[in-house]
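Spelled out from the first residue to the last, the chains are:
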Amino acid sequence: MRPPRIAIFASGKGSNAMALIQKAKVFSEGQVEISFVLSDKTDALVLEKAKNDGIRTYLVPKRSDKKSHEKEILGLVREHRIDWIFLAGYMRLLSADFLKTFSEWHNGASQVVNIHPSLLPAYPGVDSIARAYQDEVPLSGVSIHLVDEGMDTGLILAQESLVRNSQDSLEAWEARIHELEHRMYTGFLESLATFQRRTVYFQENP
């Protein structure tokens, strides 16, 4: 059985993407494969970081015609026979058509996941950490969820909470949340590499 093939989509600095890439190196050959990192932004630092780490990268610049943009991305996914897509700060919603096509290539399984720095359904969307901090919530955390066409509305697969310390600055609070993100996302990757979580392999008909 071949290793699950992972594509990481990211739009920014790529701290979660790089945590996943480093984690994948821990496993023996044949357990998991990071096939490529893809971004929609020309200035995304994640592309340079991943390339420097020996990972194949693709830039598919964001454009107004979402259908053609997603068609190009799906072409790469199909070419590499990707089994799982990990969103890691990818700042563009995937359409229902994109998700449907990807699911059909995996016998109807949903294998696009995202990590979000809040206890969903609280604080979906952007600036979640700062918004929760400004609201002085005593408890927040991180969620891993399946991706649907909504904004952070997919089925939650895992959540962990953090108690906010009253003395935490926003920067300290962000650092704690990001540390939890890295631990949870790499743990999810490990569950695929060790076959604790089932993968439906790419099986598009020739």
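Residues numbered from 1 in each chain as written. Predicted model: local features only at pLDDT ≥ 70, side-chain atom pairs only at ≥ 80, totals over all residues. Heavy atoms only, no water.

How should helix 6 (residues 170-193) be read in this particular structure?
Since the α-helix advances by 3.6 residues per turn, residues separated by three or four positions end up pointing in the same direction. The terminal C-alpha atoms of helix 6, which comprises 24 residues, lie 34 Å apart, in line with the 34 Å expected from a rise of 1.5 Å per residue. The complete set of buried residues in helix 6 reads Trp173, Ile177, Leu180, Glu181, Met184, Tyr185, Thr186, Phe188, Leu189, Ser191, Leu192 and Ala193. Phi turns positive, to about 60°, at Phe195, one or two residues after helix 6. (Helix = DSSP H or I, 4+ residues; strand = E, 2+ residues; numbered from the N terminus. Expected span 1.5 Å × (residues − 1). Buried < 20%, exposed > 50% of the residue type's maximum accessible area, 1.4 Å probe, protein only.)

What is the right way to look at the pairing of strand 1 (residues 5-9) in this model?
For a regular strand, side-chain orientation follows a simple rule: the groups alternate between the two sheet faces. The element strand 1 is extensively covered by neighbouring structure, given that four of its five residues are classed as buried. Looking at chain direction, strand 1 and strand 2 (residues 33-39) are connected through five bridges and run parallel. Following the sheet pairing, Phe9 is matched in strand 2 by Leu38. For the segment spanning strand 1, helix 1 (residues 15-24) and strand 2, crossover handedness is right-handed. (Pairing = 2+ DSSP bridges. Right-handed = clockwise from strand over helix to strand, strands pointing away.)

How do you make sense of the nonpolar core when you look at a structure like this?
Here is a general trend for soluble globular proteins: nonpolar side chains tend to be buried in one another's company. Core analysis: the biggest nonpolar cluster contains 37 residues, and Ile6, Ile8, Ile21, Phe86, Tyr185 and Leu189 have the highest contact counts within it. Here Ile21 is in contact with Ile8, Ile34, Val37, Ala50, Asp53 and Ile55, once residues within four sequence places are set aside. Core analysis: the next-biggest nonpolar cluster, separate from the first, contains 21 residues, Ala7, Ile82, Leu99 and Val147 among them. (Core = buried A, V, L, I, M, F, W, Y, C linked by side-chain atoms within 4.5 Å. Contact = heavy atoms within 4.5 Å.)

So what exactly am I meant to see when it comes to helix 1 here?
Of all ten residues in helix 1, seven are buried; the element is thus mostly enclosed. By the burial criterion, the buried members of helix 1 are Asn16, Ala17, Met18, Ala19, Leu20, Ile21 and Ala24. Lining the buried residues of helix 1 we find strand 1, strand 2, helix 2 (45-52), strand 4 (84-87), strand 5 (112-116) and helix 6.

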